[in-house]
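If you want the building blocks of each chain, they are given just below.
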Amino acid sequence: MDTQIHRMVSSPAGRIHLVEQGAGPLVLLVHGFPESWYSWRHQLPVLAAAGYRAVALDVRGYGRSSKPEAVAAYRMLELVEDNVAVVHALGEETATIIGHDWGAPIAANSALVRPEVFTAVGLLSVPYTPRGGRRPSESFAQMGGAEEFYVSYFQEPGRAESEIEPDVRGWLAGIYAALSADTMPAPDLPHPLLVADGGTLRDRFPSGPLPSWLTPDDLDVYAAEFERTGMSPALNRYRNMDRDWEDLAPWDAAPITQPSLFIGGARDASTTWLAGAVDAFPTTLPGLVSSHILEECGHWIQQERPREVNRLLTDWLASLPTA
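Only a predicted model underlies this, so the values are computations on that prediction, with no experimental measurement involved.

1. What about the nonpolar core?
Next, step 1: Ranked by internal contacts, the top residues of the largest apolar core, which has 100 residues, are Phe33 and Phe154.
Next, step 2: Apart from the residues within four sequence positions on either side, Phe154 is in contact with Phe33, Ala160, Trp171, Leu201, Leu235, Tyr238 and Arg239.

2. Comments concerning the sheet that holds strand β3 (residues 26-30)
Next, step 1: If you walk across this open sheet you meet the 8 strands as β1-β2-β4-β3-β5-β6-β9-β10, and the pairing is mixed. Single-partner strands in this sheet number two, and they are β1 (5-11) and β10 (288-294). Put simply, the sheet's adjacent strands are angled 20° from each other on average, direction ignored.
Next, step 2: Two elements, strand β6 (residues 118-124) and strand β9 (residues 260-265), share 4 bridges in a ladder whose sense is parallel. Pairing of Gly122 across the sheet is with Leu261, part of β9.
Next, step 3: The strands touched by helix α3 (residues 103-113) are β3, β5 (95-100) and β6; relative to β6, the strand with the most contacts, the crossing angle is about 160°.

3. Quick word on the side chain of His17
Next, step 1: With respect to the secondary-structure elements, His17 resides in strand β2 (residues 14-21).
Next, step 2: Polar side-chain contacts of His17 include one of 2.8 Å to the side chain of Asp58.
Next, step 3: Not counting residues within four places of it along the chain, the set of residues in contact with His17 comprises His6, Arg7, Met8, Trp37, Ala56, Leu57, Asp58, Arg64 and Ser65.

4. So, the packing of aromatic side chains
Next, step 1: Tallied over the entire structure, the rule returns 20 aromatic pairs.
Next, step 2: A centroid spacing of 5.7 Å and a plane angle of 75° characterise the contact between Trp102 and Tyr238, whose relative ring orientation is edge-to-face. Within this pair, whereas Trp102 is found in the loop between β5 and α3, its partner Tyr238 is found in the loop between α9 (232-235) and α10 (241-247), the two being separated by 136 residues in sequence. Just as Trp102 is buried, Tyr238 falls in that class too.
Next, step 3: Each ring, one from Tyr153 and one from Phe154, has its centre 6.2 Å from the other, and the planes form 45°; the classification is tilted.
Next, step 4: According to the relative accessible area criterion, Phe154 is buried, its value standing at 1%.

5. Brief notes about the pattern of salt bridges
Next, step 1: Enumeration according to the criterion identifies 20 salt bridges in this entry.
Next, step 2: Here Arg228 ties to Glu225 by a salt bridge, and the two come within 2.3 Å at their closest N and O atoms. With Arg228 and Glu225 both in helix α8 (residues 216-229), this residue pair falls 3 residues apart, about one helical turn.
Next, step 3: Judged by its relative accessible area of 12%, Glu225 is buried.
Next, step 4: The partner of Glu296 in a salt bridge is Arg267, and the shortest N-O contact between them spans 3.5 Å. Separated by 29 residues along the polypeptide, Glu296 in the loop between β10 and α14 (301-304) and Arg267 in the loop between β9 and α11 (269-273) bring together distant segments of the chain.
Next, step 5: Owing to a relative accessible area of 30%, Arg267 belongs among the partly exposed residues under this scheme.
Next, step 6: Taken together, the shared-partner salt bridges in this structure form one network comprising Arg7, Glu20, Arg53 and Glu92.

6. Comments concerning the packing of helix α7 (residues 168-178) against α8
Next, step 1: Where α7 contacts α8, the axes come no closer than 9 Å and their chain directions differ by 125°. Taken together, the axis directions place α7 and α8 in an arrangement best described as oblique. In the crossing of α7 with α8, the sense of the turn from one axis to the other is right-handed. Residues Val168, Arg169, Leu172, Ala173 and Tyr176 of α7 form the contact with α8, whose participating residues are Pro216, Leu219, Asp220, Tyr222, Ala223, Phe226 and Glu227.
Next, step 2: The class makeup of the residues in the contact of α7 with α8 is 9 nonpolar, no polar and 3 charged.

7. Brief notes about the layout of surface pockets
Next, step 1: Considering only enclosed or pocket space, the largest pocket measures out at about 1,100 Å³ in volume.
Next, step 2: Around the largest pocket sit 42 residues that line it, and Trp102, Thr129, Phe140, Met241 and Leu274 are the ones nearest its centre.
Next, step 3: When residues of the lining of the largest pocket are traced back to their parent elements, those giving at least two are α3, α4 (136-143), α5 (150-153), α10 and α11.
Next, step 4: Looking at the lining of the largest pocket residue by residue, the classes come out as 29 nonpolar, 6 polar and 7 charged.

8. Considering the side chain of Asn236
Next, step 1: Take Asn236: it is sitting in the loop between α9 and α10.
Next, step 2: Look at Asn236 and you get buried, because its relative accessible area is 5%.
Next, step 3: Residue contacts for Asn236: discarding those within four places in its chain leaves Val71 and Tyr74.

9. Description of the pairing of β1
Next, step 1: Two elements, β1 and β2, share 7 bridges in a ladder whose sense is antiparallel. Counterpart to His6 in the pairing with β2 is Val19.
Next, step 2: Counting the residues that bridge the hairpin from β1 to β2 gives 2 residues.

10. Thoughts on empty space enclosed by the protein
Next, step 1: Taken as a whole, this structure holds 2 cavities of 30 Å³ or more when the rule is applied.
Next, step 2: Empty space within the largest cavity amounts to approximately 80 Å³.
Next, step 3: Lining the largest cavity are His31, Gly32, Val59, Arg60, Tyr62, Tyr74, Leu79, Trp102, Ile106, Pro233, Ala234 and Arg237.
Next, step 4: Tallied by class, the residues present in the lining of the largest cavity amount to 8 nonpolar, 2 polar and 2 charged.
Next, step 5: Of the voids in this model, the second largest cavity is the one considered here, and its volume is about 50 Å³.
Next, step 6: Every residue along the wall of the second largest cavity is listed here: Ile16, Val30, Leu57, Asp58, Val59, Arg60, Leu79, Asp82, Asn83 and Ile106.
Next, step 7: Broken down by element, the lining of the second largest cavity gets its largest block of residues, 3 residues, from helix α2 (residues 76-89).
Next, step 8: The residue makeup of the lining of the second largest cavity, split by class, is 6 nonpolar, 1 polar and 3 charged.

Scoring rules and cut-offs
- Residues numbered from 1 in each chain as written.
- Predicted model: local features only at pLDDT ≥ 70, side-chain atom pairs only at ≥ 80, totals over all residues.
- Heavy atoms only, no water.
- Core = buried A, V, L, I, M, F, W, Y, C linked by side-chain atoms within 4.5 Å.
- Buried < 20%, exposed > 50% of the residue type's maximum accessible area, 1.4 Å probe, protein only.
- Contact = heavy atoms within 4.5 Å.
- Pairing = 2+ DSSP bridges.
- Helix = DSSP H or I, 4+ residues; strand = E, 2+ residues; numbered from the N terminus.
- Axes fitted to C-alpha atoms, helices over the stretch in contact; angles between N-to-C directions.
- Polar contact = N/O pair within 3.5 Å; in protein donor to acceptor, adjacent residues only side chain to side chain.
- Phe/Tyr/Trp six-rings, centres within 6.5 Å; stacked < 30°, edge-to-face > 60°.
- Salt bridge = Lys/Arg side-chain N within 4 Å of Asp/Glu carboxyl O.
- Parallel < 35°, antiparallel > 145°, perpendicular 65-115°, else oblique.
- Left-handed = near helix turned anticlockwise from the far one by under 90°.
- Nonpolar A, V, L, I, M, F, W, Y, C, P; charged D, E, K, R; others polar.
- 1 Å grid on protein atoms, 1.4 Å probe; cavity = no way out; pocket = protein on both sides within 12 Å on 5 of 7 lines; lining within 4 Å.
- Points joined across faces, edges and corners; volume = space filled by probe spheres on them.

See below:
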């Protein structure tokens, strides 16, 4: 089996840390919040064994990748250019890109904005929603009703940091458990992604055992990265959503036409809240090869259900046109 290679490559961020395994067509794996390249640990060896050059990166602001100071440095178009730089630094002209959570819109917009580089796109947990409608901050402000939606809660620099950074490991354990199928709060309890007036997100996180997919050692890996970097660089992604809306105006309502894949969890709020986006795939993803909802699966899909996700990914990759 090919060994995993850690390397740094130059990018507009400064440098991007990545982990690669295997040889063959390039498959770029983009993680979400609050994670790192490590969230793809179950996919790298399987994709390598299937004949691909699998590369999982730390998005700018995470792990060992560069962390620019300016909040605006985390806007979507900058992250797209980081991904392009990774492809070129690896000596390739094109790649398939696959993203989970925030990585899904990063992957989708990479395919939308740079279709000559990203020839196919896979989206995990978060369906493609074309740019349009109202300014995102206005939409999110209304989503919580009498309470505050988590994206709005993350907007103010320093606010969420003051909740998370005194106990990074405990907070991460809580959010992972809150959004995992086997540990999430019962449906009749207050939703963990809504914040009560004067409260914090953590108030509604479960305090029981870790999810079955997450070992104490896995949690240590994630916690160590955020203890070192702090939370602000990762949270700055949320603080650019209005900038993204402005930057992406030339692509308003634009479909992604490359071959695509979606995999969601039936018990994931990202899938249920955005069910309309899934229904719109015939218009928004006309190149969709297949779409799958995994029963009894939460948000951390490629870690909760690695065997199923790996099978779906390798089947989809095998169906793609070869150059």
